Amino acid sequence: MKFIDRFLRNWRIKMVKPYIRANDSVLDIGCFDETLFEKLKTKPILSSIGIDPLLPQPIEGENYTLLPGKFPDDLKKKQTFDSITMLAVLEHIPTDEQVQLRDNCCQYLNTKGRIIITVPSPFVDHILWILTKLKLIDGMSLEEHYGFKVKDVPVIFNSEQLRLIKHKRFQLGLNNLFVFEKIR
């Protein structure tokens, strides 16, 4: 991972961190590595899980486990979490699978739990393409962006079970933070 990739990832984590409460159990979908959990050590958080299909093998941390695989197929069915994070993940999920993703998140989320999402604005794809060609970023899985529209996030995630409690633009408006809370 190149410097700009790490810088952008750390900025996303900085935006998400205030919405993860102390003593939350966290599920990080599309974790890639342990960075989020390492940066949450100051909270502290309870036993948590990261899951990512690109992980070659499980990783055990002090209060977290990273698993190779896909959500929800490769998780224990009985486990629930206080926070579910998806940092720069939703735009990689095919459109016809996004409502099912929301429903799966609700099954794994405790009441009053939060789904915390970051998604880039569509213009970012052009910037990432240029940065990739200049070899300034790795540009992970850009072919999976599916023409995602930021305005669809509240449409997908506002439901009988979830309500939007925060939407904020950051990175000069090129990225978006959404926080949903499970109401029942």
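In what follows, the structure referred to is the one given above.
Owing to the predicted nature of the structure, the values given are computational and were not obtained by experimental measurement.

Draft legend 1. Spotlight on the overall build of the protein chain. In terms of regular secondary structure, the protein chain is built from five helices and eight strands. Taken from N to C terminus, the helices and strands of the protein chain fall in the order α-β-α-β-β-β-β-α-β-α-α-β-β. A buried classification covers 47% of the 184 residues belonging to the protein chain. Considering only contacts within the protein chain whose residues lie at least 6 apart along the sequence, 63% involve residues at least 24 apart. Accessible surface, the protein chain: about 9700 Å² in total, of which carbon and sulfur atoms supply 55%.

Draft legend 2. Here's a closer look at the sheet that holds strand 7 (residues 162–170). Judged by pairing direction, the sheet is mixed, and its eight strands sit side by side in the order 3-4-2-1-5-6-8-7 without closing on themselves. Each edge of the sheet is formed by a strand with only one pairing partner; in this case those strands are strand 3 (59–60) and strand 7. Note that strand 5 (residues 81–87) and strand 6 (residues 109–120) share six bridges and pair parallel. Paired with Thr85 across the strands is Ile116, a residue of strand 6. Across the sheet, helix 3 (residues 98–108) touches strand 1 (26–29), strand 5, strand 6, strand 7 and strand 8 (175–182), and the angle it forms with strand 6 is around 140°.

Draft legend 3. Structural view of the state of the cysteines. On inspection of all chains with the given rule, the structure shows zero disulfides. Not engaged in a disulfide, the cysteine Cys106 finds its nearest cysteine sulfur in Cys105; these two sulfurs lie 7.0 Å apart. For Cys106, a relative accessible area of 3% gives the class buried.

Draft legend 4. Focus on the packing of aromatic side chains. With the rule as written, the count across this model stands at six aromatic pairs. When the ring of Phe7 is compared with that of Trp11, the centres are 5.6 Å apart and the planes differ by 65°; the resulting orientation is edge-to-face. One end of the pair is Phe7 and the other is Trp11, both in helix 1 (residues 3–16) and four residues apart, which spans about a single turn. For Phe7, a relative accessible area of 45% corresponds to the partly exposed category.

Draft legend 5. Just the nonpolar core, in detail. With 28 residues, the main nonpolar core has Ile117 and Phe157 as its most contacted residues. Contributing elements (two or more residues each) for this core: strand 1, strand 2 (48–52), strand 5, helix 3, strand 6, helix 5 (152–157) and strand 8. Beyond its immediate sequence surroundings of up to four residues, Phe157 is in contact with Met86, Leu90, Arg102, Ile115, Ile117, Leu162 and Phe180. Among the nonpolar cores identified, the runner-up in size contains 19 residues, and Val16, Val26, Ile116 and Leu177 belong to it.

Draft legend 6. Geometry of unusual backbone geometry. For the peptide bond that leads from Lys43 to Pro44, omega is -10°, which places it in the cis range. If you trace the backbone, Pro44 turns up in the loop between helix 2 (35–39) and strand 2. Cis peptide bonds are those with omega within 30 degrees of zero, and the linkage from Phe71 to Pro72 qualifies with 0°. In this fold, Pro72 is placed in the loop between strand 4 (64–68) and strand 5. Phi angles above zero are rare outside glycine, and Phe32 is one such case at about 65°. Looking at the element boundaries, Phe32 is found in the loop between strand 1 and helix 2. Classification of Phe32 as partly exposed rests on a relative accessible area of 32%.

What counts and how
Residue numbers run consecutively from 1 along every chain, following the written order of its sequence. For this predicted model, a pLDDT threshold of at least 70 governs which residues receive local features, and a threshold of 80 or more governs which side-chain atom pairs are given and counted, while totals over whole chains, interfaces and linings are taken from all residues. Hydrogens and water molecules were not included; the side-chain quantities draw on all heavy atoms of the structure. Only DSSP runs of H or I covering at least 4 residues are called helices, and only runs of E covering at least 2 are called strands; the numbering of each starts at the N terminus. For the exposure calls, accessible area comes from a 1.4 Å probe over protein chains only, and a residue counts as buried if that area is under 20% of its type's maximum, exposed if over 50%, partly exposed in between. Every residue pair with non-hydrogen atoms within 4.5 Å of one another is taken to be in contact. With residues, only the protein chains shown are counted as cover, and all accessible areas are computed by Shrake-Rupley using a 1.4 Å probe. Two strands pair under a simple rule: DSSP has to find at least two bridges between them. To obtain an axis, a line is fitted to C-alpha atoms, over the contacting stretch when the element is a helix, and the angle between two such axes runs from 0 to 180 degrees between their N-to-C directions. Any pair of cysteine sulfurs within 2.5 Å is marked as a disulfide. Aromatic contacts are taken between Phe, Tyr and Trp rings whose centres are within 6.5 Å, Trp giving its six-membered ring; a plane angle under 30 degrees counts as stacked, one over 60 as edge-to-face, and the others as tilted. What makes a nonpolar core is a set of buried Ala, Val, Leu, Ile, Met, Phe, Trp, Tyr and Cys residues whose side-chain atoms join them at distances within 4.5 Å.

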